[in-house]
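The chain contents come next:
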Amino acid sequence: MALIALAADKGAPGVTTAAVALGAVWPRPVLVAECDPAGGDLVYRLPGENGMLDPARGMLSLATAARRGLRPEQIAPHTQRLSGGLDVLVGVSNAEQAAGLTWLWSPLGRSFAVLPGVDVLADCGRLAAASPLVELLREADMTVLFTHATLEHVAHLRERISQLSADLPRQRTRIGVVVIADPRGYRAAISEVERVLASSRLPAVVLGGLAYDPKGAQMLRGQWGGKLDKSLLIRSARELAGSLVARPALEHAAAPAPPPTVTAAPPPEPAAERGRGL
C-alpha cells in the first residue's frame, strides 16, 4: 500500500522508538523495516513472539535472496513478529554490513511501495549528506522528519528539508515534520516549528507532535500492557498515526494494486561466492 520513510537529522531524537510506537498503533496492516545504514538495534531492544529476534533473518537474508532481482512477495519470509504482534524487518547490525548493500535501497523502496495489503514504516535513522537511502526515499509516498523545537535541531531540520527537496523528484516530494516535545509545552513547540518553516518557505508541512516520554519509551522495550497503552507516547502516537493515514498522499494507497516484478542490478559477486547459488 504506502511507504512512509521516517528519519531525523544530526542530534535529533530516536527514530526507532517513534517507528515502533507508530507501528504498534497503526490503523492499517503495517510492517516496520529497519533501513538505518548505521545499523539497527531492534534485536537488542525488543523480544520476538518466540523469544529473541534472529539477527540473521532480515535485511541481510533478503539481500542474499534478491541478488538476481527483488519481488515484493520475497519480503515476507524475511520478516519477524515482535511480542505483541508487530511485524518487523530487522536491519543490518553495523555500518560495515550496510556498505555492501547500497545497490539494494532502490529496488527495496520500489517493492515496499507496492507491497500488497500492508503499509511500510521504514526507519531510516539519521540522514546524512549523500546518503544512499535517498534511493529509497525517492519511492516513498511521504518522508517524515522528526525534530525537537530547539534552535540547533530546527537549524539542522531546515538544511535537511532543503537538501531533500533538491534530491527528490519534484512531483513526489512530500515531506512532513513531527515535533517531539515535552507535553507541558507541546502545542507551543509545534507552533514554533510551524512558524519557522513557514517563514523559510520550505516545501514541508508540520504533521503534528509526538510526546517526549522517556518512561513510555522504556516500557515500549518490554511487554505491552495497560500502563504503556495509556502512556503519553502511545496516546500521541495513536493520534499521529491516524492523521498520517488520513493525508491525501497516503489515502490513495489504501487500495492495493497488482505488484509488478522489481528487478535490481546487484554488484558483481566476489570470485569466492561464484557458483554458490547466492
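Preceding this paragraph is the structure being described.
By convention here, each chain's residues receive numbers from 1 onward along its written sequence. Residues qualify for local features only when their pLDDT is at least 70, as the model is predicted, and side-chain atom pairs are given and counted only at 80 or more; totals for whole chains, interfaces and linings, by contrast, use all residues. Side-chain calculation: all heavy atoms of the structure are included, whereas hydrogens and water are not.

Chemist: What is the right way to look at the pattern of salt bridges in this model?
Modeler: Pairing between side chains of opposite charge can happen when the charged atoms of each approach one another. One speaks of a salt bridge when a side-chain nitrogen belonging to Lys or Arg is within 4 Å of a carboxyl oxygen belonging to Asp or Glu. Counting across every chain of the model gives 10 salt bridges. Put simply, Arg238 and Asp229 hold a salt bridge, and the shortest N to O gap is 2.9 Å. For the exposure calls, accessible area comes from a 1.4 Å probe over protein chains only, and a residue counts as buried if that area is under 20% of its type's maximum, exposed if over 50%, partly exposed in between. With a relative accessible area of 30%, Asp229 lands in the partly exposed category.

Chemist: Teacher, can you tell me more about the pairing of strand S6 (residues 142-147) here?
Modeler: Both faces of the sheet carry side chains from a regular strand, because those side chains alternate between them. Only DSSP runs of H or I covering at least 4 residues are called helices, and only runs of E covering at least 2 are called strands; the numbering of each starts at the N terminus. The buried count for S6 comes to 6 of 6 residues, which makes it a mostly enclosed element. Only when DSSP finds a minimum of two bridges between them are two strands counted as paired. In terms of strand pairing, strand S1 (residues 3-8) meets S6 through 5 bridges, oriented parallel. When the sheet's bridge partners are listed, Ala7 is paired in S6 with Leu145. Where S6 meets strand S7 (residues 175-181), 5 bridges bridge the pair, whose relative direction is parallel. Paired with Val144 across the strands is Gly176, a residue of S7.

Chemist: Whenever I open this one, the nonpolar core confuses me. Can you help?
Modeler: Nonpolar side chains in soluble globular proteins generally cluster together in the buried interior. Definition used in this section: a nonpolar core is a set of buried Ala, Val, Leu, Ile, Met, Phe, Trp, Tyr and Cys residues joined via side-chain atoms within 4.5 Å. Core analysis: the biggest nonpolar cluster contains 51 residues, and Cys35, Met59, Leu104, Leu108, Phe112, Cys124 and Leu136 have the highest contact counts within it. The element that contributes the greatest number of residues to this core is helix H8 (residues 186-200), accounting for 6 residues. Contacts are assigned to residue pairs with any non-hydrogen atoms lying within 4.5 Å of each other. Once residues lying within four places of it in the same chain are set aside, the contact partners of Cys124 are Ala5, Leu6, Ala7, Cys35, Asp36, Pro37, Leu133, Leu136 and Leu137. Listed in part, the 41 residues of the second largest apolar core include Val25, Leu46, Phe146 and Val178.

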